[in-house]
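Observations on the three-dimensional arrangement
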Amino acid sequence: MTAQVIVVGAGPVGLFMAASLARLGVGVRIIDQAAAPSDKSKALVIWPRTLEQLDIHGAVDPFLTEGLKITDVHLMAQRRSLARASLGQLPGAYPFALFLPQSDTERLLSADLLRLGVTVERSVELRSFEPAPTHVTAVLGHADGSTETVRADWLLGCDGAHSAVRHGLSLPFDGETLTSDWVLADLMLDGPAAAEVLISWTPDGVLALFPMGRGRFRVIADVPESQGEVTLDEVQRLLEGRGPGGLTGRDPIWLARFKINERKVARYRVGRVFLAGDAAHIHSPAGGQGMNTGLQDAANLAWKLALVCRGKAGEGILDSYSPERSAIGDLVLRNAGRMTRVALFRARWLQLVRNGIVRVAARLPAFRRRLVGDLSELDLYYPDSPLNGPSIGRWAAPAPGDRAPDCPLVGASMRKTRLFEKLRAGRFVLLSGETAPALPETLAKLVETARFAAGTEVYRPEVLYLIRPDGYVAMTAPADQPDAATAYLSVLLA
Ligand SMILES: Cc1cc2nc3c(=O)[nH]c(=O)nc-3n(C[C@H](O)[C@H](O)[C@H](O)COP(=O)(O)OP(=O)(O)OC[C@H]3O[C@@H](n4cnc5c(N)ncnc54)[C@H](O)[C@@H]3O)c2cc1C
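Numbers given for residues are sequential positions, taken from 1 along each chain in its written order. Side-chain atom pairs in this predicted model are given and counted only at pLDDT of 80 or more, local residue features only at pLDDT of at least 70, and totals for whole chains, interfaces and linings cover all residues. Only hydrogens and water are removed before side-chain values are computed, so all heavy atoms of the structure are retained for them.

1. A word on the overall build of the protein chain
Let me state the cut-off plainly: Helical segments are the DSSP runs of H or I of at least four residues, strand segments are the runs of E of at least two, and each set is numbered from the N terminus. With C-alpha atoms as the basis for the radius of gyration, the globule rule is written as 2.2 Å multiplied by the number of residues raised to the power 0.38. Accessible area is worked out with a 1.4 Å probe on protein chains only. A residue is then buried under 20% of its type maximum, exposed over 50%, and partly exposed in between. Any two residues whose heavy atoms approach within 4.5 Å are treated as being in contact. The method behind every accessible area is Shrake-Rupley, applied with a 1.4 Å probe, and residues are considered shielded solely by the protein chains displayed. Neither His nor the chain termini are counted; the positive set is Lys and Arg, and the negative set is Asp and Glu. Taken as the charge location is NZ of Lys, CZ of Arg, CG of Asp or CD of Glu.
Helix and strand counts for the protein chain stand at 13 helices and 25 strands. Whereas a compact globule of 494 residues would reach a radius of gyration of roughly 23 Å, the protein chain reaches 23 Å, a difference of no more than 12%. Each of the three principal axes of the protein chain carries a C-alpha extent, and together these read 70 × 60 × 40 Å. Burial analysis of the protein chain (494 residues in total) assigns 55% to the buried set. The long-range share in the protein chain, meaning contacts at least 24 apart out of those at least 6 apart in sequence, stands at 70%. When the accessible area of the protein chain is evaluated, it comes to approximately 20,700 Å², of which 54% is carbon and sulfur surface. Across the protein chain, 55 positive and 53 negative side-chain charges occur, with their mean positions spaced 3 Å apart.

See the structure below:
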């Protein structure tokens, strides 16, 4: 049997990758070696930029219905408040972190995939694969012991930290395992626990509390050494020693120990084989960026691969995936690593200096903006992308490589529409404040023209913005020079 694309791994990244490809008309098979989805709550936070990607894909509503919206992050040191940051002022439709256990995220992504006509093939393991210039041959193992040899145009490794695809490519997973040991507990908390992310620095170590809804919280803390099973008593001692006071834990649903790995591949693509998600990068849970970064890998690759699979773009467009996402992976890894190391300072003088600097910095609006901008991933963009076209200048920002904010559009019909809805079709959108320029017929099927509504603050009427299907700016030009967009698109699209 031949598939255009085989996605290996039905974790959150594989599910979103397969759904994004299916939405854009690509024939996709998705396999997972596990007989059933994981019931673990692992990644709890969905950040605003990921919500925007789910919106562009057309699947954000069930997440908003089920998730818990949290805006406040509170940092304490020795039980005294050190700093507060709020996501409430973030731009866009999602000025909050959405808390939802990863098992629920996977359930909603699976339902979306099914809606698009694709079922996860479970108990099917990728055993080996052989890349060739025109295709990839993969050997799949089934639960009954049989094997199947399949041929696909492309193979996508979304198979997690121990990725068989990464091993098959012999790609080094460079980085380190931190020496610190950590405890995780998802449990009910009685007492004055607020609906906020609380990070508490103490001389003994760090403790973080994340709300999960209905009185349940996640507790994460570093511990001096890893010994046996985690017990409720151990968690209670950590809460009493490092928490805000007055909290009692009960009814744990998940107790675990873990170590932090910080690793990444240098290349996300080798010929017809790609890596995304934990297969390509793993980091400290500080900042909760792992799953989010992986979902955004999927959003980045899917539209490019769909254009190639449909014969609408040359394979050169795929060369942008690795530089764009690898640069983001480096940045996320660096930020999460820094946050972890700063939290783990042991020397008393270092703790005092750290607390003093943060107390002062937290009063600066620019510092708070930077912190929530990075966390929300709204400020992560592609300044050095090979896909960035001509720019009219940063005064007309968003500039090439920047996130393209959503905005209301003026349409011929009575129905109000938005930029993100337009992008759902997988086409570029040529956005202007004036009457939309005419495009040559050859491009008309791949590019939509749209007018943003008057009064839209982010876009300027004297500028033409070409927006990529994943919601980043491809190029800008003066409003009266649509030929610049035509020239750019003619090179990119076959
Ligand atoms: C305690 C904890 C807390 C976390 N908190 C956060 C957070 O708050 N925010 C955040 O963004 N991230 C967080 N993360 C990270 C997040 O869980 C991962 O980044 C996420 O699961 C990665 O998704 P993935 O789809 O890339 O890989 P996985 O979820 O690992 O999925 C890979 C899938 O591939 C399958 N597979 C593997 N090998 C094969 C094979 N050979 N053939 C077929 N199938 C195969 C596996 O069965 C699995 O289903 C946390 C992680 C942990 C452990």
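And the narrative resumes.
2. A few points about the packing of aromatic side chains
To keep it simple, the criterion reads: Whether two aromatic rings pair depends on their centres lying within 6.5 Å, for rings of Phe, Tyr and Trp, where Trp uses its six-membered ring; planes under 30 degrees apart make the pair stacked, over 60 edge-to-face, and the rest tilted. Charges are assigned to positions over rings by a cutoff of 6 Å between ring centre and Lys NZ or Arg CZ, combined with an angular limit of 35 degrees from the ring normal.
Taken as a whole and judged by the stated rule, the model has 9 aromatic pairs. Between Y94 and F96, the aromatic rings sit 6.3 Å apart at their centres with planes inclined by 85°, giving edge-to-face as the arrangement. Using a relative accessible area of 10% as the deciding quantity, one classes F96 as buried. Between F274 and Y321, the aromatic rings sit 5.8 Å apart at their centres with planes inclined by 65°, giving edge-to-face as the arrangement. With a gap of 47 residues between them, F274 in strand 18 (residues 273-275) and Y321 in helix 8 (residues 321-343) connect regions that are remote in the sequence. An aromatic cluster is present here, built from W154, Y268, F274 and Y321 joined pairwise through their rings. Taking NZ or CZ as reference, R49 lies 4.5 Å from the ring centre of Y472, over its face. Positioned above the aromatic ring of W154, the side-chain terminus of R272 is 4.2 Å from the ring centre.

3. Considering the pattern of salt bridges
The criterion, for reference: What counts as a salt bridge is simple: a side-chain nitrogen of Lys or Arg found within 4 Å of a carboxyl oxygen of Asp or Glu.
In the structure shown here, the tally under the stated rule is 34 salt bridges. For R107, the salt bridge goes to E66, with nearest N and O atoms at 2.6 Å. You can see R107 sitting in helix 4 (residues 102-115) and its partner E66 sitting in helix 3 (residues 60-66), a full 41 residues away along the chain. For E66, a relative accessible area of 37% translates into the label partly exposed. We note a salt bridge from D222 to R242, for which the minimum N-O separation is 3.1 Å. Note that D222 is positioned in strand 15 (residues 216-223) and R242 in helix 6 (residues 232-242), a separation of 20 residues in sequence. By relative accessible area, D222 is classed as buried at 2%. Residue class for R242 comes out buried when judged on its relative accessible area of 6%.

4. Side note on the sheet that holds strand 14 (residues 205-213)
Note the following rule: When DSSP locates at least two bridges between a pair of strands, those strands are taken to pair. For helices, the axis comes from a line fit to the C-alpha atoms of the stretch in contact; other axes are also lines fit to C-alpha atoms, and the angle between any two N-to-C directions lies between 0 and 180 degrees.
The strand order across the open sheet built from 8 strands is 6-5-13-14-15-12-16-19, with neighbouring strands paired in mixed fashion. Where the open sheet ends on each side, the last strands, each with one partner, are strand 6 (80-86) and strand 19 (281-282). Note that strand 12 (residues 174-190) and strand 15 share 8 bridges and pair antiparallel. Within strand 15, the residue paired with D186 across the bridge is R218. Across the sheet, helix 9 (residues 348-361) lies against strand 5 (72-77), strand 6 and strand 13 (197-202), angled at about 45° from strand 6, the strand it touches most.

5. Observations concerning the sheet that holds strand 23 (residues 447-452)
Strand order in the open sheet formed by 6 strands is 21-20-23-22-24-25, and the pairing between neighbours is mixed. Since the sheet does not close on itself, it has two edges, and those belong to strand 21 (417-418) and strand 25 (473-478), each with one partner. The pairing of strand 24 (residues 463-467) with strand 25 spans 5 bridges and is antiparallel. Bridge assignment links L466 to a residue of strand 25, and that residue is M475.

6. Some points on the nonpolar core
Just so we agree on the cut-off: Definition used in this section: a nonpolar core is a set of buried Ala, Val, Leu, Ile, Met, Phe, Trp, Tyr and Cys residues joined via side-chain atoms within 4.5 Å.
Among the nonpolar cores identified, the biggest contains 92 residues, and V5, V7, L21, L156, F428, V447 and L493 are the most heavily contacted of them. Looking at this core element by element, the count peaks at 12 residues for helix 7 (residues 290-309). Setting aside its immediate chain neighbours within four residues, L156 contacts V5, I6, V7, V8, M17, L21, F274, L301 and L305. Ranked by size, the runner-up nonpolar core spans 34 residues in total, among them L75, A208, M212 and V358.

7. Re the site of the ligand
What counts, and what does not: If a single non-hydrogen atom of a residue is within 4 Å of a molecule or strand, that residue counts as near it. The definition of a polar contact used here is a pair of N or O atoms within 3.5 Å, where within protein one atom must be able to donate a hydrogen and the other to accept one, and adjacent residues in sequence count solely through side-chain atom pairs.
Surrounding the ligand, one finds 28 residues, the nearest of these being D32, Q102, D278, G288 and M291. One of the backbone N or O atoms of L44 is found 3.2 Å from an oxygen atom in the ligand. When the ligand is considered free in solution it has 1,000 Å² of accessible area, and contact with the protein chains removes 84% of it. Those elements that provide at least two residues to the shell around the ligand are helix 1 (12-23), strand 9 (124-131) and helix 7.

8. Overview of the packing of helix 1 against helix 2 (residues 48-57)
Two packed helices can be described by the angle between their axes and the distance between those axes. Condition: In this scheme, a crossing is called left-handed if the near helix is turned counterclockwise away from the far one by less than a right angle; it is called right-handed if the turn is clockwise. Residues are grouped as follows: Ala, Val, Leu, Ile, Met, Phe, Trp, Tyr, Cys and Pro are nonpolar; Asp, Glu, Lys and Arg are charged; all remaining types, including Gly, are polar.
Viewed as axis vectors pointing N to C, helix 1 and helix 2 meet at an angle of 35°, and their least axial separation amounts to 11 Å. For the pair helix 1 and helix 2, the sense of crossing is left-handed. Residues F16, A19, S20 and R23 of helix 1 pack against Q53, L54, I56 and H57 of helix 2. In terms of residue class, the contact of helix 1 with helix 2 is made up of 4 nonpolar, 3 polar and 1 charged.

9. With respect to the environment of L331
Here L331 is to be found in helix 8. Separated by 43 residues in the primary sequence, L331 and D374 place their C-alpha atoms 9.5 Å from one another.

10. Description of the side chain of E234
If you trace the backbone, E234 turns up in helix 6. By relative accessible area, which is 14% here, E234 ends up buried. Polar side-chain contacts of E234 include one of 3.0 Å to the side chain of R257. Dropping the residues within four chain positions of it, E234 is found in contact with V183, V223, E229 and R257.

This is a description of form; function is not addressed.
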